[in-house]
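Tertiary structure, described
As a plain string of letters, each chain reads:
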Amino acid sequence: MAKGSVRGGLLLGLAVVVALAATGVWNPFPGLWDWVDRSEPISEPDVVWQQRVGGTPRSVTIAGDAVVVEQRTRVEARSLATGTQLWERKADWAAVAGGDRDPVVAVGKLLVKGYELLDPTTGVTRRRDDDAVAVWTYRNLLLDARCTDATDCTLSAWDPRGTAPLWTAFLPGVHSGLLADNPGLRGTRRLTATRIDDGVAGAEAAPPLLGFPVDGRVHVVDTATGRVLQNVEPGREERLSVVGGRLLRINARSQDGTCYFAISARDSATGQEAWQRAGINLRTADSAGCVQREDPQGARNVLIGVAPDGRETVIDGYDGRLLWVGEPGTKLIAVDDRSAVFRAADKRSVIARELGTEKVLWTRQASGKAGAALTPYAAVVADEKPSRLAALDPRTGRELAALRTSANALAVGSQGMIIGEGREIGYVRFGASGSSPTRPPGDGGNPGPGGPGPGGPNNGDCGPKGELCSDPGDGKDG
């Protein structure tokens with residue numbers, strides 16, 4: 001056949017296809033483009049669904065039946081079941097408040113006062129604020145701050161889906177960095193892990209006390225009542241941190257070419273010392289003159305420190321007890337109020353141990369570079385060479401999902417987790433037979449490892465400060 005005849009036939013066929021597409025009779029182009037644009041699966045086994053979002057995600061959060069994806073200049077929500085887009089909004093920041101049954105999405109613009117609270121499934125505005133300069137989001141609370149001038153600010157607490165404030169408190173200004181969503185307060189720094197997003201666990205329950213830094217001082221606010229309990233200025237060698245319902249005064253003194261540390265935990269209502277420890281390095285200071293520029297490492301009501309002999313420790317912020325002391329060569333990689341996950345000294349496994357006891361919860365083979373994170377629904381373990389992600393039941397180590405993937409763990413929910421690589425995100429459902437980890441008590445409670453008050457065994461049923469349960473008293477442990 002002559003080349004001209006072949007070329008003519010192809011042109012004729014293309015003209016017919018274009019004509020059919022233009023008249024709506026038959027259009028092969030969308031399907032053809034989907035085939036060309038189809039991405040390689042980001043894990044093996046394959047995810048339930050995989051979608052390419054508009055930009056590289058800054059954060060991903062599971063909010064009820066939706067997945068909220070924060071990007072640089074917009075936020076979108078997708079169906080947790082199918083991955084299809086539910087809505088999209090222009091916004092510079094987004095944060096999710098509320099628990100599994102009552103989530104909301106706070107969105108706003110940088111350098112613009114106010115925010116909107118959106119329904120995560122429909123995108124409909126539930127509440128609008130035109131004055132707030134900062135927002136903090138928790139599972140059981142949303143806080144915002146508004147200022148009439150630089151030294152006159154009001155802090156308000158809201159039920160995530162409430163329409164009237166639960167309480168308001170006066171603050172004499174806010175730090176210049178307190179803008180947009182979840183600006184830093186004086187608490188703890190979480191341990192981080194490669195390929196596990198810092199916000200993988202989603203919003204946590206509001207702690208009993210919060211420390212707001214204002215003009216070099218720390219204002220301690222009771223999140224149950226809104227009372228400002230203390231207004232404290234740190235000493236020259238001190239750093240203040242609010243952990244486990246206590247105000248910690250962390251002293252770092254330079255002498256003999258080293259740093260000497262001391263911790264004094266104060267009752268915020270009375271100012272009396274509740275406990276004290278010396279010699280524990282909370283990793284707040286750098287090597288230059290023991291200047292403390294960082295919050296202590298920890299999570300919820302516990303602190304992470306290093307003992308004088310180099311062994312890592314986990315300390316109850318409420319009563320100062322040593323809840324876990326590592327063996328030489330072990331490395332702590334994740335912690336919460338209930339358990340600690342650490343790499344074994346032989347660097348061949350990771351081990352989870354219940355805090356306050358010698359009970360080993362589970363052991364999993366892993367390399368010396370494995371990282372982990374603890375969430376209410378799963379312990380996530382990331383490993384390299386080969387690249388793996390695993391989700392385990394936090395209490396038993398039962399495998400909920402095991403993936404061969406180089407993707408990151410972005411968000412964990414009650415039934416599965418979101419993983420992502422670049423602009424691709426996908427949903428992994430826990431359990432081949434639909435099994436799922438145990439639901440945490442109280443849907444946003446703040447359970448602890450044992451002992452009275454915050455960090456006690458009340459599973460969040462005794463109120464944010466344990467005020468509904470009897471208090472056996474405080475003890476000092478020096």
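Residues numbered from 1 in each chain as written. Predicted model: local features only at pLDDT ≥ 70, side-chain atom pairs only at ≥ 80, totals over all residues. Heavy atoms only, no water.

Glancing now at the sheet that holds strand β18 (residues 238-243). Reading across the sheet, the four strands line up as β18-β19-β20-β21 and stay open at both edges, with antiparallel pairing between neighbours. What marks the edges here is a single partner per strand, and that holds for β18 and β21 (273-278). Geometrically, the sheet is characterised by an average inter-axis angle of 20° between neighbouring strands, direction not taken into account. Examined bridge by bridge, strand β20 (residues 258-267) and β21 share five bridges and lie antiparallel to one another. Considered in β21, the bridge of Ala262 is made with Ala278. (Pairing = 2+ DSSP bridges. Helix = DSSP H or I, 4+ residues; strand = E, 2+ residues; numbered from the N terminus. Axes fitted to C-alpha atoms, helices over the stretch in contact; angles between N-to-C directions.)

Turning our eyes to something else, we now look at unusual backbone geometry. Note that the residue after Glu44, namely Pro45, is joined by a cis bond; omega there is 0°. Note that Pro45 resides in the loop between α2 (29-37) and β1 (49-52). In this structure, the amide linkage connecting Lys385 to the following residue, Pro386, adopts the cis form with an omega of 0°. Topologically, Pro386 is positioned in the loop between β31 (379-383) and β32 (388-392). One non-glycine residue, Asn182, lies in positive phi territory at about 50°. For Asn182, the location among the structural elements is in the loop between β14 (180-181) and β15 (209-214). Residue Asn182 is classed as partly exposed on the basis of its relative accessible area, which comes to 36%. Not every positive phi belongs to a glycine, and Asp215 is a case in point at roughly 50°. (Buried < 20%, exposed > 50% of the residue type's maximum accessible area, 1.4 Å probe, protein only.)

By the definition in use, this model includes 29 salt bridges. For Glu204, the salt bridge is made with Arg190, and the minimal N-O distance between the two is 2.1 Å. Within this pair, whereas Glu204 is found in the loop between β14 and β15, its partner Arg190 is found in the loop between β14 and β15, the two being separated by 14 residues in sequence. Among the salt bridges present, the one from Asp267 reaches Arg246, with a minimum N-O distance of 3.2 Å. Of this pair, Asp267 sits in strand β20 while Arg246 sits in strand β19 (residues 246-255), and the two are 21 residues apart along the sequence. Judged by relative accessible area, which is 2%, Arg246 ranks as buried. (Salt bridge = Lys/Arg side-chain N within 4 Å of Asp/Glu carboxyl O.)

This part covers the state of the cysteines. By the definition in use, this model includes two disulfides. What pairs with Cys147 in a disulfide is Cys153, and their sulfur atoms sit 2.0 Å apart. Torsion about the S-S bond of the Cys147 and Cys153 cystine: about 105°, corresponding to right-handed handedness. Across a sulfur-sulfur distance of 1.8 Å, Cys259 and Cys290 are joined as a disulfide pair. Note on the Cys259 and Cys290 pair: the S-S dihedral is about -105°, so by sign convention the disulfide is left-handed. With Cys259 in strand β20 and Cys290 in the loop between β21 and β22 (298-299), this pair connects stretches of sequence that are 31 residues apart. With relative accessibility at 5%, the residue Cys290 sits in the buried group. (Disulfide = S-S within 2.5 Å.)

Before going further, it helps to spend a moment on the sheet that holds β31. Taken together, the four strands give an open sheet; going across it, the order is β30-β31-β32-β33, and neighbouring strands pair in antiparallel fashion. At either end of the open sheet lies a strand with only one pairing partner, and these are β30 (371-374) and β33 (399-404). Sheet twist, expressed as the mean angle between neighbouring strand axes with direction ignored, is 10°. As defined by bridge partners, β32 adjoins β33 across five bridges and the pair is classed as antiparallel. Bridge assignment links Arg388 to a residue of β33, and that residue is Arg404.

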